[in-house]
Amino acid sequence: MNYRQLGNTDLKVSELSFGTWAIGGSWGNTNDEESLKALQHAMDAGVNFFDTADVYGDGHSEELLAKATKGKEDDIHIATKFCRAGDIEDPETYSERRVREYCENSLKRLNRDTIDLYQIHCPPLAILKDGRVFEVLDKLKAEGKIRHYGVSVETVEEGLYCLENTDVSALQIIFNIFRQKPLEELIPQAYQKGVGVLARVPLASGLLTGKFSENHSFQADDHRNFNQNGEAFNVGETFAGLEFNKGVQLSEQLKWIANDRDSMSKAALRWILDHEEITCAIPGFKTVKQVEDNLKSLEVPSFSAEEMDKLQKFYQHDVHDHIRGAY
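Figured I'd write up the structure that's included with this text. Counting from 1, residues in each chain are numbered in the order their sequence is written. With pLDDT at 70 or above as the cut-off, local features in this predicted model cover only qualifying residues; side-chain atom pairs require 80 or more to be listed or tallied, and sums for whole chains, interfaces and linings still use all residues. Side-chain measures were taken over the full set of non-hydrogen atoms in the model, leaving aside hydrogen atoms and water.

**A short note on the sheet that holds strand β4 (residues 49–51)**
How we decide: When DSSP finds two or more bridges between a pair of strands, those strands are recorded as paired. Labels follow the DSSP assignment, with helices taken as runs of H or I lasting at least four residues and strands as runs of E lasting at least two, numbered in each case from the N terminus.
Strand order in the open sheet formed by eight strands is β3-β4-β5-β6-β7-β8-β9-β10, with parallel pairing between adjacent strands. The sheet is open, and its two borders are formed by β3 (18–19) and β10 (280–281), each paired with just one other strand. Bridge analysis of strand β8 (residues 170–174) against strand β9 (residues 196–200) gives five bridges, and the strand direction is parallel. Counterpart to Ile174 in the pairing with β9 is Arg200.

**Observations concerning the packing of helix α4 (residues 96–110) against helix α6 (residues 132–143)**
The following threshold applies: The angle between two axes is taken between their N-to-C directions and runs from 0 to 180 degrees, where each axis is a line fitted to C-alpha atoms and a helix contributes only its stretch in contact. Our angle categories are set so that under 35 degrees counts as roughly parallel, over 145 as roughly antiparallel, 65 to 115 as roughly perpendicular, and the remainder as oblique. Note on convention: the crossing is left-handed when the near helix lies turned anticlockwise from the far helix by less than a right angle, right-handed when the turn is clockwise. Contacts are residue-level and defined by heavy atoms, with any inter-residue pair within 4.5 Å sufficient. Residue polarity follows a fixed list, in which Ala, Val, Leu, Ile, Met, Phe, Trp, Tyr, Cys and Pro are nonpolar, Asp, Glu, Lys and Arg are charged, and the others, Gly among them, are polar.
The geometry of α4 relative to α6 is characterised by a closest axis approach of 10 Å and an angle of 45° between their N-to-C directions. Accordingly, the angle class assigned to the pair α4 and α6 is oblique. Along this stretch, α4 crosses α6, giving a crossing that reads as right-handed. Of α6, the residues touching α4 (which contributes Glu96, Val99, Arg100 and Cys103) are Val133, Val136, Lys139, Leu140 and Glu143. Taken together, the residues of the contact of α4 with α6 break down into five nonpolar, no polar and four charged.

**Thoughts on the packing of helix α2 (residues 32–44) against helix α12 (residues 288–295)**
Put simply, α2 and α12 touch, their axes get as near as 8 Å, and they point 25° apart. Viewed along their axes, α2 and α12 adopt a mutual orientation that is roughly parallel. With respect to the hand of their crossing, α2 and α12 are arranged in right-handed fashion. Touching Glu34, Lys37, Ala38, His41 and Ala42 of α2 are Val288, Val291, Glu292 and Leu295, all from α12. Considering only residue class, the contact of α2 with α12 consists of five nonpolar, one polar and three charged.

**Observations regarding the packing of aromatic side chains**
Note the following rule: Only the six-membered ring of Trp is used, alongside the rings of Phe and Tyr, when aromatic pairs are assigned; centres must lie within 6.5 Å, and planes under 30 degrees apart are stacked while those over 60 apart are edge-to-face, with the rest tilted. Accessible area is worked out with a 1.4 Å probe on protein chains only. A residue is then buried under 20% of its type maximum, exposed over 50%, and partly exposed in between.
For the structure shown, the criterion picks out 14 aromatic pairs. Seen from their ring centres, Phe218 and Phe244 are 5.6 Å apart, and the 85° between their planes marks the pair as edge-to-face. Of the two residues, Phe218 is situated in the loop between β9 and α9 (223–226) and Phe244 in helix α10 (residues 244–252); the sequence distance between them amounts to 26 residues. Each member of the pair, Phe218 as well as Phe244, carries the same accessibility label: buried. Between Phe226 and Phe233, the aromatic rings sit 6.5 Å apart at their centres with planes inclined by 90°, giving edge-to-face as the arrangement.

Listed below in structure tokens is the structure:
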């Protein structure tokens, strides 16, 4: 396992880390026993960083992380998020009273005294510009409730605003072969300013595994069913903003990336890790096998400059105009 510095913080995290939305819920059936085995397998392989949120399974993923990391609190770092348990448009959601409540509830579920990275969970730009939530986070940091804070953003504009006007230690962004816009400004500026970057939705909700055919049916409680077109939350969080069948067609054009890299998913993760400015990729998982498969992306060949250029042109000419939602 390779480790990268999380911006200017004191944290060195595994370049392949994991997100825990799927084991919390909204990705179809889950099994807690299998989830815990998968978490242990990841840690045995050297993974020392996990991303979660208070709304993943109404706190269930935080509780699972508490069980999996018991006794390893100094070695395994956790990032969690807040605000989506309330009305994200309401300034009161970001008041000191509410943020403290969110923080204490997460600390209790995580069974920890400190949160390593506390992130605002995709707030509106107006909330970021209001700025008062950052004053609250500074207080929590001074008190030792959190070590560092950041923002999970939906758009490049939001990310750039945070870089220019706040003291965030990290940004979490949607970044994958289908979503390359952050490479133009956001990622280089974050790197220059010493702000870590966590790449979420790295496999475009499974599109970049190449395993789906058009009109595939997802379980009712899977967000890939109930949020396919942004019915429940930002459309970009599901299939990276692509209409599903169009995404399947585009993934067919990417089958070549698996050449000498065993699978499309391993290649797609390798592509992200080939950008030194990225702190870590955080794919999801529900099983030990999925953890194993994702970890193997560390062993496959990097992309050549020619391949990188080909993928950039593919994004610009074939993908960009089909992405829906603000990004």
